[in-house]
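Structural overview for review
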Amino acid sequence: MAASFSAELLPSPATIAVTPAVRLAYVLQHFRLAYEQVPPVEIGYGPAATVTVAEGAGRFFADATPYPAAPNWREWQGQRLPFFFDNSPEQELLTLTPRTARINVDVVAAAFYLLSGWQEYFSDTRDRHGRFPYAVSVQQQYQFVTLPIVNYYFEVLKTAIEHVTSQPLRPRRWNGTAPFVGFITHDIDNLHGGWGTAARYLLRRGRLGGLAKLLAGKAIGGPAPWNNLEQVQQATAQFGAPSTFFILGNNHPALNGTPNADYAPDTAQFRARLGRLAAQGAEIASHGSYGTADNVEKLQEEIRRFEPASVLGNRFHYLCWEPRRTPSVVAAAGVAYDSTLGFAEHFGFRNSYCLPFFPFDFTSGRAHSFLEIPLNVMDATLHHPNYLQLMPKDILPALRPMLAEIERFGGVATVLWHNENFDPVNTINGPHQFAELMDYLQQRGAAFRTGSQIVAELCQLVNA
Ligand SMILES: [Zn+2]
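This structure is a prediction, so every number in the text was calculated from the model and none was measured.

Rules behind the numbers
Residues numbered from 1 in each chain as written. Predicted model: local features only at pLDDT ≥ 70, side-chain atom pairs only at ≥ 80, totals over all residues. Heavy atoms only, no water. Helix = DSSP H or I, 4+ residues; strand = E, 2+ residues; numbered from the N terminus. Polar contact = N/O pair within 3.5 Å; in protein donor to acceptor, adjacent residues only side chain to side chain. Contact = heavy atoms within 4.5 Å. Axes fitted to C-alpha atoms, helices over the stretch in contact; angles between N-to-C directions. Parallel < 35°, antiparallel > 145°, perpendicular 65-115°, else oblique. Nonpolar A, V, L, I, M, F, W, Y, C, P; charged D, E, K, R; others polar. Patch = residues over 30% accessible without salt bridge, like charges linked within 9 Å, V, L, I, M, F, W, Y side chains within 5 Å. Areas by Shrake-Rupley, 256 points an atom, 1.4 Å probe, with all protein chains shown as cover. Salt bridge = Lys/Arg side-chain N within 4 Å of Asp/Glu carboxyl O. Lys, Arg positive; Asp, Glu negative; His and termini not counted. Charge placed at Lys NZ, Arg CZ, Asp CG, Glu CD. Buried < 20%, exposed > 50% of the residue type's maximum accessible area, 1.4 Å probe, protein only.

Let's shift gears to the side chain of Asn-104. When you line up the elements, Asn-104 lands in the loop between strand S6 (100-103) and helix H3 (107-115). Within the structure, the side chain of Asn-104 is placed 2.8 Å from the backbone oxygen of Glu-92, a separation counted as a polar contact. In this structure, Asn-104 is in contact with Ala-54, Asp-86, Ser-88, Gln-91, Glu-92, Leu-93, Leu-94 and Thr-95, ignoring residues within four places of it in sequence.

What follows is the structure, given as structure tokens:
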């Protein structure tokens, strides 16, 4: 059913010159968003800069190849970290002299490489859904997908700036207090399924009374087990968190047979239901259907279907994302944020960064104006024939180190838990594992936000 993917269909990469100045501007734009009141210290490659960075990229960014030389591993505050563009492994990382600092690794080039998604933009490899595969990523090759390396590079830069100014730099605090944020999201693909799984579950346990009740419900046209948006909202609200629902705007299968919604997205009844969820504090956002990640007209048409409600965010169904096209599609569709960028195959950091960021526009050499709120963990990733096969008891322990990294850097922990996995018959990556994860986030003091609340808070910072 699924289309085989052909690299000949890939659009050609843009040929803009990504100069050191372009890279520095993009990286510093994000650095200033990550810390409070960054003083106007001159940071650059030239000898006149107060914080000097060793130029280490050579011709790499002129050659448009996906992968740089292997990183050099260095110890930083008890953590072993990969440093790309490190041409002087024998030198210390930081040389501090009175009033100046020199960083002996090109952390600006390395941060740009990872944050811009350079590897996927210039790679020709895609999976059967047209996605850049985790298997060919530097995160997989050097095993650092659960470390937000760019945030660590920023910490090196921060240390250099603190040295030359003798003033501490503090990470941004959410609303002034919370150490980090939880962004709890649900992609809604199926509302009418779950009968078969429920029946098999009850049968296996010999619960024949329950089975009879289930079948009677089906016979009279009662709601399917997965028709549970209100229960999803309640299960999330129990932890003080608002839900962000990504709703498909298309119930026709894609040309290659890939299913989209199993529900009619624009009946008055369904719209009213979404309105009630929103009135209870949920956010309704767009789940761009299969085929919209490279088609702005189709995505816009789906977003318009939500009118008069305004939709501020999007995540693509199947996490579809064509690096050479999708950022421009999202920008042109006019949403304020996207939250597609995570690897389906592994939890962690696809751009090695744990804060929202403005995706790099390879055609203009500047940042796009929409925010990407990167996706860190999807329920399906944790237990799936094609992805990981974690035992239920191993899920939270596997995620905890990654969540601790997000907390350390004051980032956003984005969780995707589909509505069908709130069905109690799922005992593997189901409601119980979701509750364990939520309990952990709550215990650690996360502030829970919807996508548009995250954008609003960050934009206040940008304009402050
Ligand atoms: Zn989906």
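Picking up where we left off.
Before going further, it helps to spend a moment on the packing of helix H1 (residues 20-34) against H3. Where H1 contacts H3, the two axes come as close as 9 Å, and the packing angle between them is 80°. Classed by the angle they form, the pair H1 and H3 counts as roughly perpendicular. For the pair H1 and H3, contact is made by Arg-23, Leu-24, Tyr-26, Val-27 and His-30 and by Val-108, Ala-109, Ala-111, Phe-112 and Leu-115, respectively. Split into classes, the residues belonging to the contact of H1 with H3 amount to eight nonpolar, one polar and one charged.

With that settled, the discussion passes to a positive patch on the surface. Taken together, the side chains of Arg-200, Arg-204, Arg-205 and Arg-207 make up a positively charged region of the molecular surface. With a relative accessible area of 62%, Arg-204 lands in the exposed category.

As a further point, take the pattern of salt bridges. Oppositely charged side chains can pair when the atoms bearing their charge come close. All chains considered together, the criterion is met by 16 salt bridges. One salt bridge connects Arg-408 with Glu-155, and the closest N-O pair in it is separated by 2.6 Å. Taken together, the residues span a long stretch of sequence, with Arg-408 in helix H14 (residues 395-408) and Glu-155 in helix H6 (residues 149-165) at a distance of 253 residues. The class of Arg-408 is partly exposed, set by a relative accessible area of 36%. Two residues, Asp-266 and Arg-305, come together in a salt bridge whose shortest N-O distance is 3.5 Å. Taken together, the residues Asp-266 in the loop between strand S8 (244-248) and helix H10 (268-279) and Arg-305 in the loop between helix H11 (296-304) and strand S10 (313-316) connect sequence positions 39 residues apart. The exposure class of Asp-266 is partly exposed, given its relative accessible area of 41%.

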